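Chain residues, written in single-letter form:
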Amino acid sequence: MASNLRETLRISPEVSKAQSMGKPVVALESTVITHGLPYPDNIQLAQDMENEVRRNGAVPATIAVLEGGIHVGLEIAQLEYLASAGDLKKASPRDLARMVVKAESGGTTVAGTIYLANIIGIEVFATGGIGGVHRHPIGDISADLPQLARTPMIVVCAGAKAILDLPATIEYLETHGVPVVGYQTNEFPAFYSAHSRLPTNSRADSPEEVIEFARMHWQLGLKSSLLVTVPPPAEVALPEAVMQEAVSQALKDAKEERIRGQQVTPFLLQRVSELTGEASLTANLGLLRNNAGIAAQIALSLQRAPGLRAV
Ligand code: PSU
Ligand code: MN
């Protein structure tokens, strides 16, 4: 059994070489593979996201826990295992020590992934949508939110999912000092759709502007992430009404079936996907790829302007 962090961390040769040469690296989460999407869309997606990062000139570092080892940068066979094994764990920060000690396997959430990415010096991360405050009466708050408040990371996402209480999620981010930067937009995206009618608190129109903002945020001594919110590509976005109807139904079902804790988010995502047929899945896949590409462009821009973190 691993007794210290060094023995537990398995950084792939590709990622470790990129880091030592100062090449741009983008961290990717793996709960979306183990719990967020059905097989085989999940394995396709995992590879598409990695390819999108590469196509834009950066190195992907998908993070997961495999038999108690914390892996940064995965082989195809490892991605395939995460996508198809079925009963894997969801690795949020509170789960990490247990999973290492008990030699468990699972996908790291946004919270788990940014925590790990930060300790090994990665500064840019891409996902689909962050977790957040669930709507009444589910009463669940994702560990993503407090982790975003205490981890310096550029987090590229399509906002938070419409299954959540978006105003309460934005309030939380505001209370805890996490800047929400609309990427080429002034509106907080609602994941499947570009519109939530909620404003972001700033806007950046290019990777360079994101880096300029991040540098100042961290030079000021602030320790939180920068949440860069990218609207889903127009070709895949769902009409707001379609999405709202599916979300309402999924929430009713979750209440009836008394879904709780770590099951809430995967249950709602799966129900919305069933209720909208291919449409929400297509949107989900399209925006994940898009976010991976933009994160890579930001990582490239960061490489051209090093020394980002003052603290
Ligand atoms: N967004 C997706 N699919 C997902 C998730 C987010 O489109 O699978 C995952 C992320 O890993 C996120 C997690 O961190 O759901 C949030 O889970 P919870 O609400 O239990 O914290
Ligand atoms: Mn929860």
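Residues numbered from 1 in each chain as written. Chains lettered and ligands numbered in written order. Predicted model: local features only at pLDDT ≥ 70, side-chain atom pairs only at ≥ 80, totals over all residues. Heavy atoms only, no water.

### Details of the overall build of the protein
Right, on to step 1. Along its length, the protein carries 13 helices and eleven strands.
Right, on to step 2. A compact globule built from 311 residues would reach a C-alpha radius of gyration of about 19 Å, and the protein, at 18 Å, matches this within 12%.
Right, on to step 3. Taking the principal axes of its C-alpha atoms as reference, the protein extends roughly 50 × 45 × 35 Å.
Right, on to step 4. Every one of the 311 residues in the protein was classed for burial, and the buried ones make up 58%.
Right, on to step 5. When the accessible area of the protein is evaluated, it comes to approximately 13,100 Å², of which 52% is carbon and sulfur surface.
Right, on to step 6. Each charge class in the protein was averaged separately, 26 positive and 32 negative side chains, and the resulting centres sit 5 Å apart. (Helix = DSSP H or I, 4+ residues; strand = E, 2+ residues; numbered from the N terminus. Rg over C-alpha atoms; globule rule 2.2 N^0.38 Å. Buried < 20%, exposed > 50% of the residue type's maximum accessible area, 1.4 Å probe, protein only. Areas by Shrake-Rupley, 256 points an atom, 1.4 Å probe, with all protein chains shown as cover. Lys, Arg positive; Asp, Glu negative; His and termini not counted. Charge placed at Lys NZ, Arg CZ, Asp CG, Glu CD.)

### Some words on the coordination of the manganese ion (ligand 2)
Where a metal carries four tetrahedral donors, each ideal angle is 109.5 degrees; where it carries six octahedral donors, the ideal angles are 90 or 180 degrees.
Right, on to step 1. Looking at the manganese ion (ligand 2), one finds its protein donor set to be Asp140 (OD) and Asp140 (OD), positioned 2.6 Å from the metal centre.
Right, on to step 2. By the secondary structure assignment, aspartate 140 is in the loop between strand 7 (124-126) and helix 8 (144-150). (Donors = N, O, S within 2.8 Å, 3.2 Å for Na, K, Ca; no water.)

### Details of the site of ligand 1
Right, on to step 1. Close to ligand 1 lie 17 residues; Glu29, Ser142, Asp144, Lys161 and Thr265 are nearest.
Right, on to step 2. Within the contact set of ligand 1, an oxygen atom lies 2.7 Å away from a side-chain nitrogen or oxygen of aspartate 144.
Right, on to step 3. For ligand 1, a nitrogen atom lies 2.4 Å from a polar atom in the side chain of lysine 161.
Right, on to step 4. Starting from 470 Å² of accessible surface for ligand 1 in isolation, the protein chains cover 96%.
Right, on to step 5. Ranked by residue count, the leading element in the shell around ligand 1 is helix 3 (residues 31-36), at three residues. (Near = heavy atom within 4 Å. Polar contact = N/O pair within 3.5 Å; in protein donor to acceptor, adjacent residues only side chain to side chain.)

### A few points about a nonpolar patch on the surface
Right, on to step 1. A contiguous nonpolar patch, built from Leu5, Tyr115 and Ile119 and spanning about 260 Å² of accessible area, is present on the exposed surface.
Right, on to step 2. In this structure, tyrosine 115 sits in helix 7 (residues 110-119).
Right, on to step 3. Since its relative accessible area comes to 36%, tyrosine 115 is described here as partly exposed. (Patch = residues over 30% accessible without salt bridge, like charges linked within 9 Å, V, L, I, M, F, W, Y side chains within 5 Å. Salt bridge = Lys/Arg side-chain N within 4 Å of Asp/Glu carboxyl O.)

### Remarks on the packing of helix 10 (residues 207-219) against helix 13 (residues 278-304)
A pair of packed helices is captured by two measures, namely the crossing angle of their axes and the spacing between those axes.
Right, on to step 1. At a minimum axis distance of 8 Å, the contact between helix 10 and helix 13 shows a crossing angle of 60°. Comparing the axis directions of helix 10 and helix 13 gives the class oblique. Viewed along their axes, helix 10 and helix 13 form a crossing whose handedness is right-handed. For the pair formed by helix 10 and helix 13, the contact residues are Pro207, Glu208, Val210 and Ile211 on the first element and Gln297, Ile298, Ser301, Leu302 and Arg304 on the second.
Right, on to step 2. In terms of residue class, the contact of helix 10 with helix 13 is made up of five nonpolar, two polar and two charged. (Axes fitted to C-alpha atoms, helices over the stretch in contact; angles between N-to-C directions. Parallel < 35°, antiparallel > 145°, perpendicular 65-115°, else oblique. Left-handed = near helix turned anticlockwise from the far one by under 90°. Contact = heavy atoms within 4.5 Å. Nonpolar A, V, L, I, M, F, W, Y, C, P; charged D, E, K, R; others polar.)

### A closer look at the pattern of salt bridges
Right, on to step 1. A full pass over the atoms with the stated rule returns twelve salt bridges.
Right, on to step 2. The salt bridge involving aspartate 95 is made with arginine 94; its shortest N-O contact spans 2.8 Å.
Right, on to step 3. Note on aspartate 95: relative accessible area 1%, which makes it buried.
Right, on to step 4. Arginine 271 is paired through a salt bridge with aspartate 253; the nearest N and O atoms lie 2.7 Å apart. On the criterion of sequence distance, the pair formed by arginine 271 in helix 12 (residues 264-275) and aspartate 253 in helix 11 (residues 240-256) is long-range, its members being 18 residues apart.
Right, on to step 5. Each of the salt bridges in this network shares a partner with another, and the network as a whole consists of Arg94, Asp95, Arg98 and Glu104.

### Some details on unusual backbone geometry
Right, on to step 1. Omega for the peptide link from tyrosine 39 to proline 40 comes to 5°, which places this bond in the cis form.
Right, on to step 2. Along the polypeptide, proline 40 turns up in the loop between helix 3 and helix 4 (41-55).
Right, on to step 3. Of the consecutive residues histidine 136 and proline 137, the connecting peptide bond is found in the cis state with omega at 5°.
Right, on to step 4. With respect to the helices and strands, proline 137 occurs in the loop between strand 7 and helix 8.
Right, on to step 5. One non-glycine residue, phenylalanine 191, lies in the positive phi region at around 65°.
Right, on to step 6. For phenylalanine 191, the position within the fold is in the loop between strand 9 (180-183) and strand 10 (202-204).
Right, on to step 7. Despite not being glycine, arginine 197 has its phi angle at roughly 65°, a positive value.
Right, on to step 8. Secondary-structure assignment places arginine 197 in the loop between strand 9 and strand 10.

Honestly, it's all geometry; don't read function into it.
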